[in-house]
Amino acid sequence: MNEYDSNRITDIVKDIGYEKSKDQNNADCYLINTCHIRDKAKEKVFHEVGRIKQIYSNKEKPIMVIAGCVSQAENEEILKREPFIDVVIGPQSYHKINKILDNFQKNKKEVETEFDTINKFDCLNKTKNLDSKVSSFLTIQEGCDKFCHFCVVPYTRGPECSRPFKTILKEAEQLIKNGAKEIILLGQNVNAYSFYENDSEFKISNLLNELEKYSELKRIRYTTSHPVDMTDDLIECYSTNKKLMPFIHLPIQSGSNKVLQLMNRKHKVEDYIDIYNKLTNINPLIKLSSDFIIGYPGEEKSDFEKTLKLIKEIKFINSFSFIFSPRPGTKASKLNEVDKNTSKERLKELQSLLFQNQIDHNKSLENEEIDVLVENKISDQNKYFGRNEYFNSVIFEAEKKDIGKIVKVNVENSNKNTLFGKIRSKMKAA
Ligand code: SAM
Ligand code: SF4
């Protein structure tokens, strides 16, 4: 989502004459769009500001803007910690960036962290999305009302808010006109999308079915979903929608009901398995990936073992796993942490199982022919990059004219993260 937001900010500031600088060491204004989900991400921001400060130690200082969730959470504290920073702007206020930059006066610091999602969405609707990528992001929903006890999102992105149905389709049309062949719908809780117009509710399933009708669009994905919002109408799309990819990022966080309850996740492991069974009954080729939090306060050895058991059962093909990071203001930040070394050991064990699943899945595709959407040429190499239906990275020999097409690639070998191969035959162009 930050990538999408950063691109929209770039589109907005074009109106007042700013262009993206090609030289990271030479700019009039620096904007760092930040993430606050774990503590490490916040520290990276100050590290990056330090790097920029160094470049300008003997030169006139550029305007330094910190945007995103670290700004929302830390507010004025950011200015106190690093005086080199001039502007602090939250993720729901970035549509005000032009006014702030236009009015910028040296030595006048500015903090803008209002939750103003409706106006932000209004601004997005008026700004042309200039992205011209084969695979493009499209934000449909922001914020969260679920308040998992470990998570800052409800505090930094604010309450759940869905963009109007028709304006999403308008942006999709714009992206397709610019060359998008794949659209990835985005939201902190993307499958909680709900927009009312004339007493009718429009859900993510309606969006997926409308998007399917655009003949030039080849693939549709969405991320990130919550198991509670994996409703039957959405599951049903997997039997009817031919452009919906058979791969879903559906975080469960833990395989223990006790821990899920402590996290305030509002579902049980059995509910998750039920969703998995419904999906794979519709299409046995559907695969899942997940997020896991290790060392959540109260996680015992037996809880951790339940997580390992679930991974062995579902065989997630790609996942993110993190040690619990206490976030200021969240309920879990006040609880007793699991011993750091125990958490580290558990993470190591969990990741070796997850990575083995990933390696096995990639190996199973060797000597197979897979459908790959060709995205771009790899710089410095005579090879191209694309993704298969499961969102695996694929590197292969192709030609420039293949960009934007779905081609058949014969997989010759693989490692944990990437498949390597050669194009065999091409499907009919769009
Ligand atoms: N809404 C999605 C859901 O409910 O599954 C997840 C979105 S959250 C922004 C992305 C991921 O960050 C979570 O799934 C979780 O695994 C991880 N995360 C969030 N807060 C965390 C924390 N305090 N410590 C470690 N990982 C965290
Ligand atoms: Fe955070 Fe997702 Fe829970 Fe919302 S549902 S609080 S975004 S982890």
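As a reminder, the structure under discussion sits directly above these lines.
Because the structure is a prediction, the values reported are computed rather than measured.

The next thing to look at is the sheet that holds strand 13 (residues 287–294). Ordered by their spatial adjacency, 3 strands build an open sheet running 12-13-14, and the pairing between neighbours is parallel. With partners counted over all chains shown, the strands left at the sheet margins are strand 12 (247–249) and strand 14 (318–323), one partner each. Across this sheet, the average inter-strand angle for adjacent strands is 10 degrees, counted without regard to direction. Note that strand 13 and strand 14 share 6 bridges and pair parallel. Opposite Ser 289, over in strand 14, you have Asn 318 as the bridge partner. Packing against the sheet, helix 14 (residues 340–364) makes contact with strand 13 and strand 14, and its axis sits at approximately 175 degrees to strand 14.

Another point: the layout of surface pockets. The computed volume of the second largest pocket comes to approximately 850 Å³. Every residue lining the second largest pocket is counted, 26 residues in all, and those nearest its centre are Lys 20, Ser 21, Cys 29, Tyr 30 and Leu 31. Within the residue set of the lining of the second largest pocket, elements represented by two or more residues are helix 1 (2–13), strand 1 (29–34), helix 2 (39–55) and helix 5 (97–102). Counting residues per element, the lining of the second largest pocket draws most heavily on helix 1, which supplies 7 residues. Considered class by class, the residues forming the lining of the second largest pocket number 11 nonpolar, 8 polar and 7 charged.

So, about helix 12 (residues 269–282). Residues spaced three or four apart along an α-helix face the same direction, because each turn holds 3.6 residues. Compared with the 20 Å implied by 1.5 Å per residue over 14 residues, the 20 Å span of helix 12 between its first and last C-alpha is a close match. Among all positions in helix 12, only Val 269, Tyr 272, Ile 275, Tyr 276, Leu 279 and Thr 280 are buried. Buried positions in helix 12, seen along its axis, are confined to an arc of 125 degrees and lie on one side of it.

With that out of the way, let us pick up the side chain of Gln 72. Its place among the elements puts Gln 72 in helix 3 (residues 69–74). In this structure Gln 72 touches Gly 90, Pro 91, Thr 113, Phe 115, Tyr 155 and Thr 156, once residues within four positions along its chain are discounted.

Around ligand 1, a shell composed of 18 residues is seen, among which Gln 188, Gln 253, Arg 265, Asp 291 and Ser 325 lie nearest. In the complex, the protein chains occlude 89% of the 570 Å² of accessible area that ligand 1 would expose alone. Secondary-structure elements contributing two or more residues to the shell around ligand 1 are strand 13 and strand 14. Of the residues assigned to the shell around ligand 1, the class counts are 8 nonpolar, 6 polar and 4 charged.

The next point concerns the environment of His 267. When you line up the elements, His 267 lands in the loop between helix 11 (257–263) and helix 12. Along the sequence, His 267 and Ile 9 sit 258 residues apart, while their C-alpha atoms lie 36 Å from each other. Not counting residues up to four positions away in its chain, the partners in contact with His 267 are His 226, Pro 227, Val 228, Ile 252 and Leu 260.

In the vicinity of ligand 2, the contacting residues are Cys 144, Lys 146, Phe 147, Cys 148, Phe 150, Cys 151, Val 153, Pro 154, Asn 189, His 226 and Arg 265. Residues of the shell around ligand 2, tallied by class, amount to 7 nonpolar, 2 polar and 2 charged.

Glancing now at helix 13 (residues 301–314). Between its first and last C-alpha, helix 13 extends 20 Å over 14 residues, near the 20 Å set by a 1.5 Å rise per residue. For helix 13, the complete set of buried residues consists of Asp 303, Phe 304, Thr 307, Leu 308, Leu 310, Ile 311 and Ile 314. Projection of helix 13 onto a plane perpendicular to its axis shows the buried side chains occupying an angular sector of 160 degrees, all on one side. Turned more than 90 degrees away from the buried face of helix 13, the exposed residues are Lys 301, Lys 309 and Lys 312. Buried residues in helix 13 make contact with helix 11, helix 12, strand 13 and helix 14.

Turning our eyes to something else, we now look at the packing of helix 8 (residues 165–177) against helix 9 (residues 204–212). At a minimum axis distance of 11 Å, the contact between helix 8 and helix 9 shows a crossing angle of 35 degrees. Two packed elements cross with a definite hand, and for helix 8 against helix 9 that hand is right-handed. Each of Phe 165, Ile 168, Leu 169 and Ala 172 in helix 8 lies in contact with helix 9, whose residues at this interface are Asn 206, Leu 207, Glu 210 and Leu 211. Class assignment for the residues of the contact of helix 8 with helix 9 results in 6 nonpolar, 1 polar and 1 charged.

Below, the discussion takes up the environment of Met 230. Considering the arrangement of structural elements, one finds Met 230 in the loop between strand 11 (219–223) and helix 10 (232–240). Sequence separation between Met 230 and Ile 311 is 81 residues, and the spatial gap between their C-alpha atoms is 20 Å. When sequence neighbours within four positions are dropped, the list of residues in contact with Met 230 reads Asn 191, Tyr 222, Ser 225, Ile 235, Ile 248, Leu 250 and Ile 275.

Right, let's talk about the side chain of Arg 265 for a bit. Its place among the elements puts Arg 265 in the loop between helix 11 and helix 12. There is no salt bridge for the buried Arg 265, and the closest opposite charge comes from Asp 291, which lies 7.3 Å off by N-O distance. A distance of 3.2 Å separates a polar side-chain atom of Arg 265 from the backbone oxygen of Pro 251. When sequence neighbours within four positions are dropped, the list of residues in contact with Arg 265 reads Cys 148, Phe 150, His 226, Pro 227, Val 228, Pro 251, Ile 252, Gln 253 and Leu 260.

Cut-offs used in this document
Residues numbered from 1 in each chain as written. Chains lettered and ligands numbered in written order. Predicted model: local features only at pLDDT ≥ 70, side-chain atom pairs only at ≥ 80, totals over all residues. Heavy atoms only, no water. Pairing = 2+ DSSP bridges. Helix = DSSP H or I, 4+ residues; strand = E, 2+ residues; numbered from the N terminus. Axes fitted to C-alpha atoms, helices over the stretch in contact; angles between N-to-C directions. Contact = heavy atoms within 4.5 Å. 1 Å grid on protein atoms, 1.4 Å probe; cavity = no way out; pocket = protein on both sides within 12 Å on 5 of 7 lines; lining within 4 Å. Points joined across faces, edges and corners; volume = space filled by probe spheres on them. Nonpolar A, V, L, I, M, F, W, Y, C, P; charged D, E, K, R; others polar. Expected span 1.5 Å × (residues − 1). Buried < 20%, exposed > 50% of the residue type's maximum accessible area, 1.4 Å probe, protein only. Arc of directions from axis to C-beta. Near = heavy atom within 4 Å. Areas by Shrake-Rupley, 256 points an atom, 1.4 Å probe, with all protein chains shown as cover. Left-handed = near helix turned anticlockwise from the far one by under 90°. Lys, Arg positive; Asp, Glu negative; His and termini not counted. Salt bridge = Lys/Arg side-chain N within 4 Å of Asp/Glu carboxyl O. Polar contact = N/O pair within 3.5 Å; in protein donor to acceptor, adjacent residues only side chain to side chain.

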